[in-house]
Amino acid sequence: MTRQIKVSVFVLLLISLAQWSCKKDEVSCTDNEAFCHFVNDRNYEAMGPIINNFLITQKKNSHDESLQNLIQWLECKSCVARSEILCNSCIETYPPQSEIRVVFYYKWTTDTLVMDILMDEPLKFLAWH
């Protein structure tokens, strides 16, 4: 092999290794149909059990990572335009609470709600406001 081919193969190997080692576990986009059914009915409180079922799967993660995974899980839903963490453990209860803003697609408009999350083990959905 020529020197140029060896260098090219080496560079490709390094790029492949970098991409493989940096790949983060993706959150599985589960329960889209059931979740969005409640959005279409504007029955947001009924989503609580679906959200808690997802949060139960996050036991081994840190609270910060679990909140980020919740954002990713919400944003994969076909009825969610966007979501963001407003505050992490900012509501001084025991355990503390966090807030997440979620913008839902509703017919030809959007609904914006704030979700309260209890920073327990595992995290728990509390309410929308």
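Lay out the side chain of glutamine 97 in plain terms, naming residues and giving numbers.
Assignment of secondary structure puts glutamine 97 in strand β2 (residues 97–106). By relative accessible area, glutamine 97 is classed as buried at 13%. When near neighbours in sequence (up to four residues on either side) are disregarded, glutamine 97 contacts Ser89, Cys90, Ile91, Asp116, Ile117, Leu118, Met119 and Leu126.

Help me get a handle on the confidence of the model for the protein, residues and values and all.
On average, residues of the protein score 87 in pLDDT, and 81% of them reach the 70 mark or higher. When the criterion is pLDDT under 50, residues 16–24 qualifies, and its contacts beyond four places in sequence or with other chains add up to 0 contacts.

Outline the sheet that holds strand β1 (residues 80–91), supporting the account with residue identities and numerical values.
Spatially, the 4 strands line up as an open sheet ordered β1-β2-β3-β4, and their pairing is antiparallel. With one partner strand each, in any of the chains shown, β1 and β4 (124–128) form the two edges of the open sheet. Ignoring which end each strand starts from, the neighbouring axes of this sheet average 25° apart. Sheet topology places β2 next to strand β3 (residues 109–118); 10 bridges connect them, and they run antiparallel. Bridge pairing links arginine 101 to valine 114 in β3. Each of β1 and β2 is contacted by helix α2 (residues 32–40), which is oriented at about 75° to β2, the strand it contacts most. Where helix α4 (residues 63–75) meets the sheet, its contacts fall on β1, β2 and β3, and the angle it forms with β1 comes to roughly 160°.

Rules behind the numbers
- Residues numbered from 1 in each chain as written.
- Predicted model: local features only at pLDDT ≥ 70, side-chain atom pairs only at ≥ 80, totals over all residues.
- Heavy atoms only, no water.
- Helix = DSSP H or I, 4+ residues; strand = E, 2+ residues; numbered from the N terminus.
- Buried < 20%, exposed > 50% of the residue type's maximum accessible area, 1.4 Å probe, protein only.
- Contact = heavy atoms within 4.5 Å.
- pLDDT = per-residue confidence, 0-100.
- Pairing = 2+ DSSP bridges.
- Axes fitted to C-alpha atoms, helices over the stretch in contact; angles between N-to-C directions.

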